[in-house]
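These are the residues of each chain, in order.
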Amino acid sequence: MMILDRRGFLRGAASSVAVAGMAGAALPAAAQTGSKKMKPTAQDALLVIDVQNCFTPGGSLAVKEGDQIIPLINRLAGAFEHVILTQDWHTPGHVSFASSHAGKKPFEAIQLPYGTQVLWPDHCVQGTAGAELHKDLRIPHAELIIRKGYRKQMDSYSAFYEADGKTPTGLTGYLRDRGLKQVFLAGLATDFCVAWSAMDARKAGFGALVIEDACRGIDADGSLAKAWKDMLGAGVKRIQSADVEA
Ligand code: VGL
Ligand code: ZN
């Protein structure tokens, strides 16, 4: 459906519902509908973070209930014109693996040139079954898969910048080139890759909304509460899947 305001701003807006009540204001991403649910627009993207075998039950870094979010994510994805997936994608012997550091155990932390690194069980090694996207994900219209953490000496929780906070993955450029202004986030794990991606989305100038019940956390040492505090402080919005018209 084609909708134009006086200045032609709304050409190609997602739906007439999204336009109701805007009164010529700047184009809002995910405009509120009458039912108070947010309807994703053509300027919003759903970012599905690391829904991979290693992070779901049975995997080497399994997140509790990590598979329970999949039906929810499949349903949400249907409401988005733009869906982007991420895949944690490490080399064998990756610097983030405890097994790469003599005497270190998973969940201990070490100092690396780019900062503090939590050490993990080996996970998401490039080309292995554990690194594959979960077989129950049904998002055929996903338009991009961002792989991250593929440099042996640097981790990347975030879909935007690697762990040094400045090496770009290319996602910022992709979103800008495509005219996408805001990301909704779902996936694993809330307190690591989802949180870092959401905060970096803000840092790069995008709106960021984390769909809490479409994520699950690792929650090591209070990391989940800290992640929410940091996210909210960075202007990330905390929403529920029921808030999205899907
Ligand atoms: C993740 C720990 C290590 C995540 C990735 O997807 O949240 N966590 N690598
Ligand atoms: Zn990882």
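Below: a short report on this structure. (Residues numbered from 1 in each chain as written. Chains lettered and ligands numbered in written order. Predicted model: local features only at pLDDT ≥ 70, side-chain atom pairs only at ≥ 80, totals over all residues. Heavy atoms only, no water.)

1. Considering the packing of helix H4 (residues 190-203) against helix H5 (residues 223-233)
1) Next: Close contact between H4 and H5 brings their axes to 10 Å; oriented N to C, the two are set at 10 degrees. With respect to their mutual orientation, H4 and H5 come out roughly parallel. Note on element contacts: H5 touches H4 through Ser-223, Leu-224, Ala-227, Trp-228, Asp-230 and Met-231, opposite Thr-190, Asp-191, Phe-192, Ala-195, Ala-198 and Met-199.
2) Next: Grouping the constituent residues of the contact of H4 with H5 by class yields eight nonpolar, two polar and two charged. (Axes fitted to C-alpha atoms, helices over the stretch in contact; angles between N-to-C directions. Helix = DSSP H or I, 4+ residues; strand = E, 2+ residues; numbered from the N terminus. Parallel < 35°, antiparallel > 145°, perpendicular 65-115°, else oblique. Contact = heavy atoms within 4.5 Å. Nonpolar A, V, L, I, M, F, W, Y, C, P; charged D, E, K, R; others polar.)

2. Description of the pattern of salt bridges
1) Next: Under the counting rule described, the total for this entry stands at 11 salt bridges.
2) Next: Across the salt bridge formed by Lys-105 and Glu-108, the nearest N and O atoms sit 3.9 Å from each other.
3) Next: Under the relative-accessibility criterion, Lys-105 is labelled exposed at 53%.
4) Next: The salt bridge partner of Glu-162 is Arg-151, with a shortest N-O separation of 3.0 Å. (Salt bridge = Lys/Arg side-chain N within 4 Å of Asp/Glu carboxyl O. Buried < 20%, exposed > 50% of the residue type's maximum accessible area, 1.4 Å probe, protein only.)

3. Topic: the site of ligand 1
1) Next: In the neighbourhood of ligand 1, the contacting residues comprise Asp-50, Phe-55, Leu-61, Asp-88, Trp-120, His-123, Tyr-157, Leu-188, Ala-189, Phe-192, Cys-193 and Ile-218.
2) Next: The contact in question runs from an oxygen atom of ligand 1 to an N or O atom on the side chain of Asp-50, over 2.7 Å.
3) Next: Relative to its unbound accessible area of 260 Å², ligand 1 is 100% covered by the protein chains. (Near = heavy atom within 4 Å. Polar contact = N/O pair within 3.5 Å; in protein donor to acceptor, adjacent residues only side chain to side chain. Areas by Shrake-Rupley, 256 points an atom, 1.4 Å probe, with all protein chains shown as cover.)

4. Some thoughts on the sheet that holds strand S1 (residues 44-49)
1) Next: Pairing is parallel across the open sheet formed by six strands, whose spatial order is S5-S2-S1-S6-S7-S8. Sheet topology places strand S5 (144-148) and strand S8 (237-239) at the edges, where each strand pairs with a single neighbour. Between one strand axis and the next, the sheet turns by 25 degrees as a mean value, whatever way the strands run.
2) Next: Contacting S1, strand S2 (82-88), strand S6 (182-188) and strand S7 (207-216), helix H2 (residues 70-77) runs over the sheet at an angle of about 145 degrees to S7.
3) Next: Sheet contacts for H4: S1, S5, S6 and S7; angle to S6, the most-contacted strand, approximately 170 degrees. (Pairing = 2+ DSSP bridges.)

5. Considerations on the nonpolar core
1) Next: With 62 residues, the main nonpolar core has Leu-46, Ile-73, Phe-160, Leu-175, Phe-184, Leu-185 and Val-210 as its most contacted residues.
2) Next: Residues within four places of Ile-73 in sequence aside, it is in contact with Leu-46, Val-48, Val-51, Leu-137, Ile-139, Ala-186, Gly-187 and Ala-214.
3) Next: Membership of the second largest hydrophobic core comes to eight residues, among which are Val-95, Ala-98, Ile-110 and Tyr-114. (Core = buried A, V, L, I, M, F, W, Y, C linked by side-chain atoms within 4.5 Å.)

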